[in-house]
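If you want the building blocks of each chain, they are given just below.
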Amino acid sequence: NAGVTQTPKFQVLKTGQSMTLQCAQDMNHEYMSWYRQDPGMGLRLIHYSVGAGITDQGEVPNGYNVSRSTTEDFPLRLLSAAPSQTSVYFCASSRGLAARTDTQYFGPGTRLTVL
Amino acid sequence: AQSVTQLDSHVSVSEGTPVLLRCNYSSSYSPSLFWYVQHPNKGLQLLLKYTSAATLVKGINGFEAEFKKSETSFHLTKPSAHMSDAAEYFCVVSYVTGNQFYFGTGTSLTVIP
C-alpha cells in the first residue's frame, strides 16, 4: 500500500492565484482531513470528510474548498491564494466514520509559499 | 472549549536520561488521547493512543503515557532518551461528541549527546 499520498511536495504561488492540493489514500478509509501546520500553532483542521459526498468545516476553513467524490481522493482547493496561506499542508485519513478512536495516517505534506 | 495544552514548547535531555513531555486536556467528556511524532521534514506517525481501556499505554520505541482523569493529563515518558528521539511531539485529543481531532501546539525534543 502507498498509504496517503500528496502532490505536489512544494508549490510557490502568487497572490490571487488558485490551485488544488491533491490527496489520495489506498486503505479504503472513510475519514479524511486536511490540516495546516504553522510554527508554534500545531496542526489546525481545515476541512474533513466522513465519507464520499460528505464534507464539513474544521477550525480554519476560510479560503479553502473541498469535495469528496470518491473514497480515495480528497482534494483541497485554494480559491484565491493569500500570503496568510503560506504553510505546510497535511492530509490524513483514518478507518471509520467515527474519528474519535482511530489512528490517523498522514501524508508527507505539501509546503506552500504564497508571494 | 475543547482543547489540549502541551506545557513545554521545547525540552532538552541528555542521551540516556528520562524523557517527560507534558500534556493536559480540557473537557468533561470522555476523551481519546494520542501522541504523534514528527521527525524533521516528515509527516506524523502515531506513537500511542488511549481509548478508555488501560490507563497506562505503551507505544512504539519505548514510549509510554498514563491517562490520569483526576489531573486531566496524558504525559509522555521514556526511561532513556536516544538520539533518534529528537523530533516534534504532538498531543492530540478527540471526544465522543464530535468528529474532529484537536492538536496541541507541539513540543520540540532535543537530545544532547
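Since the structure is predicted, the reported quantities are computational estimates derived from the model, not experimental observations.

A.B. asks: Now, about the overall build of chain B: what can you tell me, with residues and values included?
C.D. replies: Within chain B, the secondary structure is distributed over 0 helices and 12 strands. Traced from its N-terminal end to its C-terminal end, chain B shows the element sequence β-β-β-β-β-β-β-β-β-β-β-β. Whereas a compact globule of 113 residues would reach a radius of gyration of roughly 13 Å, chain B reaches 13 Å, a difference of no more than 12%. Oriented by its inertia axes, the alpha-carbon framework of chain B measures out at about 45 × 30 × 20 Å. Within chain B, the proportion of its 113 residues that are buried is 42%. Long-range pairs, those at least 24 residues apart, make up 56% of the contacts in chain B between residues at least 6 apart in sequence. Accessible area for chain B stands at about 5,400 Å²; split by element, carbon and sulfur atoms hold 52% of it. With 7 positive and 7 negative side-chain charges, chain B shows a spacing of 7 Å between the two charge centroids.

A.B. asks: Account for the pairing of strand 9 (residues 73-78) of chain B, with residues named and values stated.
C.D. replies: Residue and element names in this part refer to chain B. Note that strand 3 (residues 19-21) and strand 9 share 3 bridges and pair antiparallel. When the sheet's bridge partners are listed, Leu 20 is paired in strand 9 with Thr 77. The turn joining strand 8 (residues 64-68) and strand 9, which pair antiparallel and follow one another in sequence, is formed by 4 residues; a positive phi near 45 degrees is taken by Thr 72.

A.B. asks: Give a description of the layout of surface pockets that names residues and reports values.
C.D. replies: Size it by volume and the largest pocket reaches roughly 590 Å³. If you trace the largest pocket, you find 27 residues lining it, with Gln37(A), Val88(A), Arg111(A), Gln38(B) and Asn41(B) closest to the centre. Of all the secondary-structure elements, those providing two or more residues to the lining of the largest pocket are strand 9 (87-94) and strand 11 (110-114) of chain A together with strand 10 (87-95) of chain B. Here the element with the most residues in the lining of the largest pocket is strand 10 of chain B; it accounts for 3 residues. A per-class count over the lining of the largest pocket returns 9 nonpolar, 13 polar and 5 charged. Every residue lining the second largest pocket is counted, 13 residues in all, and those nearest its centre are Leu43(A), Arg44(A), Glu59(A), Tyr102(B) and Phe103(B). Elements with a minimum of two residues in the lining of the second largest pocket: strand 5 (43-51) of chain A together with strand 1 (3-6) and strand 11 (101-103) of chain B. Residue classes in the lining of the second largest pocket are distributed as 7 nonpolar, 4 polar and 2 charged.

Conventions used here
- Residues numbered from 1 in each chain as written.
- Chains lettered and ligands numbered in written order.
- Predicted model: local features only at pLDDT ≥ 70, side-chain atom pairs only at ≥ 80, totals over all residues.
- Heavy atoms only, no water.
- Helix = DSSP H or I, 4+ residues; strand = E, 2+ residues; numbered from the N terminus.
- Rg over C-alpha atoms; globule rule 2.2 N^0.38 Å.
- Buried < 20%, exposed > 50% of the residue type's maximum accessible area, 1.4 Å probe, protein only.
- Contact = heavy atoms within 4.5 Å.
- Areas by Shrake-Rupley, 256 points an atom, 1.4 Å probe, with all protein chains shown as cover.
- Lys, Arg positive; Asp, Glu negative; His and termini not counted.
- Charge placed at Lys NZ, Arg CZ, Asp CG, Glu CD.
- Pairing = 2+ DSSP bridges.
- 1 Å grid on protein atoms, 1.4 Å probe; cavity = no way out; pocket = protein on both sides within 12 Å on 5 of 7 lines; lining within 4 Å.
- Points joined across faces, edges and corners; volume = space filled by probe spheres on them.
- Nonpolar A, V, L, I, M, F, W, Y, C, P; charged D, E, K, R; others polar.

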